[in-house]
Amino acid sequence: MSNSNVAPFVKWAGGKRQLLPQIKERMPEKYNNYFEPFVGGGAVTFELLPANALINDINKALINAYKQICNAPEAFLVAIKQLDEELLGKRTEVLGKEYYYSLREHYNDKLMKAEFDVELAALFVFINKHCFNGLYRVNGKGLFNVPYNNSRRASVDENAIMEISKYLQGVKIIDGDFETACKDAKKGDFVFIDSPYAPLNPTSFESYTKEGFDIESHKRLAKLFDELTARGCYCMLTNHNTDLINELYGNKGYRIDVVSVKRMINSDASNRVGEEVIICNY
């Protein structure tokens, strides 16, 4: 299958698009099944298009979008085109803004009622495309709270959605804990772990706990990495180059490569070049 048209349908913080060349050159030459426990926007899955894949994320709204695009792409496209057309009909910036905020409220309402359906998937993708910086962020109550970005572009490319849908037919799509996602990984399988970033400043761990990925989660993930290694899985993990990550994965015989990256989401331009690590157990 040509993958020219299979690209992420949402922008996701920490997405791996710019690291793809470095990831691809470090891949195991061959592997059996593919596991991605933190799929996010799916840049790596959509680049590799592995045949026997399992993708997982803890974010239920994100996984609902994958499932709806997989199972009901036409209904998804109808719903999202309607949202786009209504936005185009709002002639002024003020009206566009009002419309965005009314949809954001409707989205949050559905989220609170756990209505994981085609409409929620369309709202999710629309809001991702029309919110500031394409950033998915929720407040302490779990409500999406990113402001409008004043854009009127189309939310999706129809052909790309159909190609994604076709590919996802053969993929197992789940939402849950990363450990559960890897429970069936066995010898010869490849596990790509794009783990939530460890904060660059160790004192800022508090801000991370609302996503549910605290220091204990990082320790539990490192333990899983060791367990998967013992099972004979090929594992690759990416994260910021921080003391915590080096402590958790150093001195175990893993290969740790430091690569430099541009940080898009940092508002302070001087901090936009950072270092990440790619850790492999093979």
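A quick note: this is a predicted structure, and the numbers were derived from the prediction, not measured.

(A) The overall build of the chain, seen in detail. Tallying secondary structure elements over the chain gives 10 helices and seven strands in all. A principal-axis box enclosing the C-alpha atoms of the chain has dimensions of 60 × 45 × 35 Å. The buried share of the chain, reckoned over its 282 residues, is 50%. Contacts in the chain between residues far apart in sequence, at least 24 positions, make up 72% of those at least 6 positions apart. Summing over all exposed atoms, the chain offers an accessible surface of approximately 13,700 Å²; the carbon and sulfur share of this is 51%. The chain carries 35 positive and 37 negative side-chain charges, and their two centres are separated by 1 Å.

(B) Representation of the pattern of salt bridges. Applying the stated criterion across every chain, the model contains 20 salt bridges. Where Arg220 meets Asp177, a salt bridge forms, and the shortest distance between an N and an O atom there is 2.8 Å. Residue Arg220 is located in helix 9 (residues 215–231), and its partner Asp177 is located in the loop between strand 3 (172–174) and helix 8 (178–181); the two are separated by 43 residues in the primary sequence. Note on Arg220: relative accessible area 31%, which makes it partly exposed. Put simply, Lys219 and Glu216 hold a salt bridge, and the shortest N to O gap is 3.9 Å.

(C) Layout of unusual backbone geometry. With phi around 55 degrees, Ala114 is a residue other than glycine that occupies positive phi space. Given the relative accessible area of 46%, Ala114 is considered partly exposed.

(D) Local environment of helix 4 (residues 73–89). The end-to-end C-alpha separation of helix 4 is 24 Å, in line with the 24 Å expected for 17 residues at 1.5 Å each. If you check which residues of helix 4 are buried, you get Pro73, Phe76, Leu77, Ala79, Ile80, Leu83, Asp84 and Leu87. Looking straight down helix 4, one finds that the buried residues subtend no more than 165 degrees of arc, so they occupy a single side. Residues of helix 4 that are exposed and angled more than 90 degrees away from the buried face: Glu74, Val78 and Glu85. Where helix 4 is buried, its residues contact helix 3 (60–71), helix 5 (93–112), helix 6 (118–130) and helix 7 (158–168).

(E) Examining the pairing of strand 5 (residues 234–240) more closely. Burial analysis of strand 5 places six of its seven residues in the buried class, which makes it a mostly covered element. In terms of strand pairing, strand 5 meets strand 7 (residues 273–280) through five bridges, oriented antiparallel. Bridging from a neighbouring strand, His240 pairs with Glu276 of strand 7.

(F) Fine view of the nonpolar core. Judged by nonpolar contacts, the single largest core of 62 residues is most densely connected at Phe9, Tyr66, Phe76, Tyr107, Phe124 and Leu168. No other element matches helix 6, which puts nine residues into this core. Ranked by size, the runner-up nonpolar core spans 26 residues in total, among them Cys182, Phe213, Val277 and Ile279.

(G) Local environment of the side chain of Arg26. Inspection of the secondary structure assignment puts Arg26 in the loop between helix 1 (20–25) and strand 1 (34–36). Within the local environment of Arg26, its side chain forms a polar contact with the side chain of Glu25, the two groups lying 3.3 Å apart.

(H) Looking closely at the environment of Leu135. Mapped onto the elements of the fold, Leu135 is located in the loop between helix 6 and helix 7. In the structure, Leu135 is positioned 106 residues away from Glu29 in sequence and 34 Å away in space, judged by C-alpha atoms.

Conventions and cut-offs
Residues numbered from 1 in each chain as written. Predicted model: local features only at pLDDT ≥ 70, side-chain atom pairs only at ≥ 80, totals over all residues. Heavy atoms only, no water. Helix = DSSP H or I, 4+ residues; strand = E, 2+ residues; numbered from the N terminus. Buried < 20%, exposed > 50% of the residue type's maximum accessible area, 1.4 Å probe, protein only. Contact = heavy atoms within 4.5 Å. Areas by Shrake-Rupley, 256 points an atom, 1.4 Å probe, with all protein chains shown as cover. Lys, Arg positive; Asp, Glu negative; His and termini not counted. Charge placed at Lys NZ, Arg CZ, Asp CG, Glu CD. Salt bridge = Lys/Arg side-chain N within 4 Å of Asp/Glu carboxyl O. Expected span 1.5 Å × (residues − 1). Arc of directions from axis to C-beta. Pairing = 2+ DSSP bridges. Core = buried A, V, L, I, M, F, W, Y, C linked by side-chain atoms within 4.5 Å. Polar contact = N/O pair within 3.5 Å; in protein donor to acceptor, adjacent residues only side chain to side chain.

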